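Here's the letter readout for the chains.
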Amino acid sequence: MHLITGFVLANLFGRKKEPGRSPLLSLRHPIRTLHILPGRVRFEADVVKNDTKVEQFLMEQMPKIKGISRVQISTITGSVLVEFTDNEIQPELLYTVLIRLLGLEKELERVPQSVVLKEIRLMGDSLNRAVLERTGGIIDLWTAIPIVLGAVGIRKIMAQGALALPTGFTLLWWAYISLFRER
């Protein structure tokens, strides 16, 4: 486990930042900036993959913008290569134009989830389904956990009295929150 933690921390803090690269162009979602050269920038967008209508739309709209000299799109990789005049338009503006044309404003506002969180949620959902199927649909994991926490909390309060108040009430609170929060 320490090896994994060390690897993650080394990757997070060991990366060299590109000098002069704006935070906007460093975003990895919903569009990634693959590389920037003077007068040339390559983006990657999943929404472009395997969608010829999006490709056609971008090929029609992007050249209309002053400063863009050429656009090349690959629907296989989701790559959008834009050649532009440096003194007329900046890569950050090209990024925002692409966001706007693809209708990804809401995606930009959404906080992306980490891969680890997604996997933990998938495991929890699988475990929930297994418990539900094992009990014949009587109870699922998301109901069983608060019930168990509530029962343990009541038992601790009854067994230990006032000394157990924080732990018992904490367990009851967790049970309440787990049962009645919106999913």
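Residues numbered from 1 in each chain as written. Predicted model: local features only at pLDDT ≥ 70, side-chain atom pairs only at ≥ 80, totals over all residues. Heavy atoms only, no water.

1. Here we look at the overall build of the protein
Thought 1: The number of helices and strands found in the protein is 7 helices and 4 strands.
Thought 2: For the protein, the N- to C-terminal ordering of α and β elements is α-β-β-α-β-β-α-α-α-α-α.
Thought 3: A burial count over the protein gives 24% of its 183 residues as buried.
Thought 4: Of the contacts made within the protein by residues no fewer than 6 positions apart, 49% connect residues no fewer than 24 positions apart.
Thought 5: Total accessible area on the protein is roughly 13400 Å²; 61% of this is exposed by carbon and sulfur atoms. (Helix = DSSP H or I, 4+ residues; strand = E, 2+ residues; numbered from the N terminus. Buried < 20%, exposed > 50% of the residue type's maximum accessible area, 1.4 Å probe, protein only. Contact = heavy atoms within 4.5 Å. Areas by Shrake-Rupley, 256 points an atom, 1.4 Å probe, with all protein chains shown as cover.)

2. Considerations on the sheet that holds strand 1 (residues 31-37)
By way of backbone hydrogen bonds, the strands of a sheet pair with one another, either parallel or antiparallel.
Thought 1: As summarised here, the arrangement of the 4 strands in space is 1-2-4-3, forming an open sheet in which the pairing is antiparallel. The open sheet is flanked by strand 1 and strand 3 (68-74), the only strands paired with a single partner. Pairwise comparison of adjacent strand axes, ignoring direction, gives a mean angle of 15 degrees for this sheet.
Thought 2: In the sheet, strand 1 pairs with strand 2 (residues 40-45) via 6 bridges, with the strands oriented antiparallel. The residue bridging Leu37 from the neighbouring strand is Arg40, located in strand 2. (Pairing = 2+ DSSP bridges. Axes fitted to C-alpha atoms, helices over the stretch in contact; angles between N-to-C directions.)

3. Concerning helix 5 (residues 115-134)
Thought 1: Counted at 1.5 Å a residue, the expected span for helix 5 with its 20 residues is 28 Å, and the 28 Å between its end C-alpha atoms agrees.
Thought 2: Gly136, located one to two residues past helix 5, shows a positive phi value of around 70 degrees. (Expected span 1.5 Å × (residues − 1).)

4. Topic: unusual backbone geometry
Thought 1: Even without being glycine, Asn50 reaches a positive phi, approximately 55 degrees.
Thought 2: The topology assignment puts Asn50 in the loop between strand 2 and helix 2 (52-61).

5. Considering the nonpolar core
Thought 1: Ile31, Phe43, Leu58, Val80 and Leu102 are the most contacted members of the largest nonpolar core, which has 22 residues in total.
Thought 2: When contributions to this core are tallied by element, the ones reaching two or more residues are strand 2, helix 2, strand 3, strand 4 (79-84) and helix 3 (91-102).
Thought 3: Looking at this core element by element, the count peaks at 5 residues for helix 3.
Thought 4: Ile31 has contacts with Phe43, Glu44, Ala45, Tyr95, Leu98, Ile99, Leu102 and Leu104, leaving out every residue within four places of it along the chain. (Core = buried A, V, L, I, M, F, W, Y, C linked by side-chain atoms within 4.5 Å.)

6. Structural notes on the packing of helix 2 against helix 3
Thought 1: Put simply, helix 2 and helix 3 touch, their axes get as near as 11 Å, and they point 130 degrees apart. Between helix 2 and helix 3, the interaxial angle falls into the category oblique. Relative to helix 3, the crossing made by helix 2 is right-handed. Along its contact with helix 2, which presents Val54, Phe57, Leu58 and Gln61, the element helix 3 presents Leu98, Leu101 and Leu102.
Thought 2: For the contact of helix 2 with helix 3, the class distribution of residues is 6 nonpolar, 1 polar and no charged. (Parallel < 35°, antiparallel > 145°, perpendicular 65-115°, else oblique. Left-handed = near helix turned anticlockwise from the far one by under 90°. Nonpolar A, V, L, I, M, F, W, Y, C, P; charged D, E, K, R; others polar.)

Just geometry here; none of it tells us what the structure is for.
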